[in-house]
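# Coordinate inspection notes
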Amino acid sequence: MVPKRSVISSFAKKEFFHIIRDPRSLVILFLMPILQLIMFGYALKMEIQQVNLAVIDFNRSLSSHHLIDQFRGSHYFRPFYFDGSIEQIETLFKARQAHAVMVIPHDFNRQLQRHRSTPVQFIVDASDANAATTIRNYIAQTIRIFNQSHNRIEALPFEVRSTIFFNPDKKSTYFFVPGIIALLLVMISAMLTSITITREKETGTLEQILVSPIKSYQIILGKVLPYIFLAFAIGVIILLIGIFLFGVPFRGSIILLLVLSTLYILTALSLGLMISTIARTQQVAMMIALISTLLPTFMLSGFIFPIASMPEILQYFTYLVPAKYYLFIARGIILKGSNLMHLLQPTIFLLIMSLVLLVISIRKFEITLED
Amino acid sequence: MNETAVKTENLTRKFGDFTAVDRVSIEVNRGEIFGFLGANGAGKTTMIRMLCGLLVPTGGMGHVAGFDIRTESEKIKQNIGYMSQKFSLYNDLTISENIDFYGGIYGLSPAEVKEKKIRILKELNLIRWANSMTADLPPGFKQGLALGTAMLHDPPIVFLDEPTSGVDPASRREFWEVIHQSAAKGITIFVTTHFMDEAEYCNRISIMSAGSIIALDTPRNLKKHHQRDSIQQVFIDLMKEETQSPENRAG
C-alpha cells in the first residue's frame, strides 16, 4: 500500500512551492495585516478626549471660576463661556459646538459659603448614547473632586471605592488590540485556503490529482499544513506589533498564546478550505471567505459590542463565531495572565470547530468529484 | 491482467434530461491504441471521465483493468494514467518538482522517482531544463512532459483526452511516436481526438455522435466500407447520415 505520510508531505511540499513562488502576494500578505493593525489600533478608541463644555455662568464669582478651572484642569474638558440664553443650547448641540452645557446658578457662591447644597445643571447631548454616558461619568468624577476640596458639608453614609483590575487606566486600546488581531488572523487564514482548491479547479490540475490514488483527506491535510506555517508567521508578527506598538501589557504565557493562536488559525484555514470545496471560482471563494469572517467577527465576537447586550437570538449565533473563543483566549492571556485551565472551554470549542470543518471539507470534496 | 483492458456494456451517463453517453458497449484489448472520434459534445470526454473514475455512470457496466468502475475506482486509479485537454502540470513549479510531486502522490519511492525522472528527461531531451520553470517550456515539450508524467507510475492503461489540441504538427508526430512505442510495450492507449489524420494512427477507432457510437472498426475497414480514401471523408459521410436521419442510430 501507499505510505500515507509521503503522499501528504509531497502534497504539502508542492503547496509550499506555490506560496514561495509568488513573492508579490507574499509581500501583500505580510504588509496588509500590519497596516490594518496600525490603522485600526489608532482609530478604534472609546475614550472621549476633548469634551467641549459650554458654560453659562450666572454667578461669575470666585467659586464658579474654581469650578470651571476644575473642569479645565482635567484633560477631558475644554470649557468655554457661552453668553447666550438657555433656549439657545439646542443650537449649540445641533451645530456640534458643544457636547455638554453647564449652567451655574446666581446664588452658587452664596450657597457654598453657607455650606449648603446647591444644584448645578448639566445638559448632555445624548445623540451618541455611549459618549453621553462617558461624559456623564467624567462630569460626576470632576464634581466629586471639586466637592472634596471646596465643599465639605455632606458626609456620605458610605463611600464606594472601586478597584479596577487588569486595565486600571481603562484604556480601550488594550481591549481592542486583541480583537483586531483576531479579526486579521481569521480573515487572512480563511482567504488563503479559500482560493487553493478553486485555483486548481480553474487550471484543471485538480482533475489530474483526482485520477491518482490520493485520498481526499490527504489532499486536505496536504493543503492545510503549509498554510499553518505561513499564517503562524503572520500571526506572530501582528501579535508582536500589536503588543509592543500599542504598549499592551502582557501578563500571561507567550507560548500558550502562540499555541492557541495556531489552533485558531487552523479553524480559520479549515473554514477557508470548506469554502474552497463549495465555490467554483477563486473570486467567489474570496468573497465568501471575506464576508463570512469580516462581518461576524466585527459584530458577533464581542470585539466591539459586548455579547451580553445582544438580543438573545443573536447571542446563540455568536457560538458559531471562532473569534469569540479566540477573544476569550487572547484577552485572557494578554491582559489577565490566564492559564490553559482558565481557557479550557474556548480551547475545546475551537478544537471541535476545526475538526468539524475539516471533516465537512473532506466529505464535500468527495462529493465534488462526482459532478 | 487478462487480455481485455477496457470493457463496457450499455454504459450510460445522464446529466438531468441530457444523455451525454447513451448505452455504449466497447471492448479494448491489451496493447491496443483505441481512438475515440467525434465532434465536440459527442460524449468522448464524459466517456473517458467515467472510465477514469471521475464520474459515476447512471446506467450500464464498465470494467477497467479488470476492476468495476462503480465499486473499485480506487484500484482502477492505481492502474491508469490520465492526461486531460488542459495542461495539467504546475507552471510555477520546476519540471523536476512537477515530476517529484506526481511521483509522490502515486506513492513512488524517492529512488524510483529519481530514476524515472532521468529517463523521461532524457527521452524528451529536457535534461538541461530540469530546474527551469515549467511555464518557460515550449508548448510542444509541455505536452510530452505531461504524457511522461501521466505514465510515471507505469500504468498498464493510459487515457488521453485530446492530448494534441494546440500542438504544432511536428510535435504531434513525435507525440504519436511515443504512443506507438508505449503500445508496443503492451500498454493500452485510449485516446480521444478531433484530428482525423491522427485517427489513422489508431488500431481501431470508434466514431461517436450524440452520445452513441455510430461506427467502430479499424481505420482500413472503415475506409473500405465507406469507399473513401481518408477517415476525414468517412467521418463527414457519417455526420451527414446522422443529421439526415437522427432516429436511425446504431446503438
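Residues numbered from 1 in each chain as written. Chains lettered and ligands numbered in written order. Predicted model: local features only at pLDDT ≥ 70, side-chain atom pairs only at ≥ 80, totals over all residues. Heavy atoms only, no water.

## A word on the overall build of chain A
Scanning chain A from N- to C-terminus turns up 14 helices and 4 strands. Computed over the C-alpha atoms, the radius of gyration of chain A is 28 Å, more than 25% above the 21 Å expected from 2.2 N^0.38 for a compact globule of 371 residues. Overall, chain A is about 100 × 45 × 40 Å in size when its C-alpha atoms are taken along their principal axes. Burial status across chain A gives 47% buried among its 371 residues. In chain A, 79% of the contacts between residues at least 6 apart in sequence involve partners at least 24 apart. (Helix = DSSP H or I, 4+ residues; strand = E, 2+ residues; numbered from the N terminus. Rg over C-alpha atoms; globule rule 2.2 N^0.38 Å. Buried < 20%, exposed > 50% of the residue type's maximum accessible area, 1.4 Å probe, protein only. Contact = heavy atoms within 4.5 Å.)

## Notes on the overall build of chain B
Scanning chain B from N- to C-terminus turns up 9 helices and 10 strands. Its C-alpha atoms give chain B a radius of gyration of 18 Å, near enough to 18 Å, the size a compact globule of 251 residues would have. Taking the principal axes of its C-alpha atoms as reference, chain B extends roughly 55 × 40 × 35 Å. In chain B, 67% of the contacts between residues at least 6 apart in sequence involve partners at least 24 apart. Accessible surface for chain B amounts to roughly 11,200 Å². Of this, 48% is attributable to carbon and sulfur atoms. (Areas by Shrake-Rupley, 256 points an atom, 1.4 Å probe, with all protein chains shown as cover.)

## Describing the nonpolar core
Among the nonpolar cores identified, the biggest contains 146 residues, and Val64(B), Phe159(B) and Phe190(B) are the most heavily contacted of them. Element by element, the count of residues in this core is highest for helix α7 (residues 172-203) of chain A, at 14 residues. Val64(B) has contacts with Ala5(B), Val6(B), Leu51(B), Ile69(B), Ile76(B), Ile80(B), Ile157(B) and Phe159(B), leaving out every residue within four places of it along the chain. Core analysis: the next-biggest nonpolar cluster, separate from the first, contains 18 residues, Val51(A), Leu53(A), Ile104(A) and Phe108(A) among them. (Core = buried A, V, L, I, M, F, W, Y, C linked by side-chain atoms within 4.5 Å.)

## Some thoughts on the sheet that holds strand β7 (residues 157-161) of chain B
All names here are of chain B. Strand order in the open sheet formed by 6 strands is β6-β7-β8-β3-β9-β10, and the pairing between neighbours is mixed. Edge positions in the sheet fall to β6 (80-83) and β10 (212-217), since each of these pairs with one other strand and no more. Across the sheet, the mean angle separating the axes of adjacent strands is 15 degrees when strand polarity is ignored. As defined by bridge partners, β7 adjoins strand β8 (residues 188-193) across 5 bridges and the pair is classed as parallel. For Leu-160, the partnering residue across the bridge sits in β8 and is Val-191. Running over the sheet, helix α5 (residues 139-150) touches β6 and β7 and is turned about 155 degrees from β6. Where helix α9 (residues 231-244) meets the sheet, it contacts β3 (33-38), β9 (204-209) and β10, and its direction lies at approximately 30 degrees from that of β9. (Pairing = 2+ DSSP bridges. Axes fitted to C-alpha atoms, helices over the stretch in contact; angles between N-to-C directions.)

## Digging into helix α1 (residues 44-51) of chain B
The element α1(B) is largely enclosed, with a buried count of 7 among its 8 residues. For α1(B), every residue scored as buried is listed here: Lys44(B), Thr46(B), Met47(B), Ile48(B), Arg49(B), Met50(B) and Leu51(B).

## Quick notes on unusual backbone geometry
Residues and elements named next belong to chain B. Backbone geometry places Asp-154, a non-glycine residue, at a positive phi of 50 degrees. Here Asp-154 shows up in the loop between α5 and β7. Positive phi outside glycine occurs at Glu-162, with the angle close to 45 degrees. In this structure, Glu-162 sits in the loop between β7 and α6 (169-184). Judged by relative accessible area, Glu-162 falls into the buried class, the value being 6%.

## Looking at the pattern of salt bridges
Under the criterion given, the structure shown has 23 salt bridges over all chains. Across the pair Arg172(B) and Glu198(B) runs a salt bridge whose closest N-O atoms are separated by 3.0 Å. In this pair, Arg172(B) sits in helix α6 while Glu198(B) sits in helix α7 (residues 196-199), placing the two residues 26 residues apart along the sequence. Each member of the pair, Arg172(B) together with Glu198(B), is buried. Residues joined by salt bridges that share partners form a network here, namely Lys14(A), Glu15(A), Glu200(A) and Lys223(A). (Salt bridge = Lys/Arg side-chain N within 4 Å of Asp/Glu carboxyl O.)

## Examining the interface of chain B and chain A
With 29 residues of chain B at the contact, the number on the chain A side is 27 residues. Interface of chain B and chain A: buried area, both sides summed, is about 2,500 Å²; carbon and sulfur atoms make up 57% of it. Together, Leu54(B), Tyr90(B) and Ile105(B) form the three largest contributors to the area buried by chain B at its contact with chain A, with a combined 22%. Put simply, chain B and chain A have 2 salt bridges between them. Residue Glu207(A) is joined to Arg49(B) by a salt bridge in which the shortest nitrogen-to-oxygen separation is 2.1 Å. Our count for the chain B to chain A interface comes out at 11 residue pairs in polar contact (both at pLDDT 80 or more). Elements that contribute at least two residues to the side of chain B that touches chain A include exactly α2 (73-79), β6 and α3 (95-105) of chain B. (Buried area = accessible area lost by both parts, 1.4 Å probe. Polar contact = N/O pair within 3.5 Å; in protein donor to acceptor, adjacent residues only side chain to side chain.)

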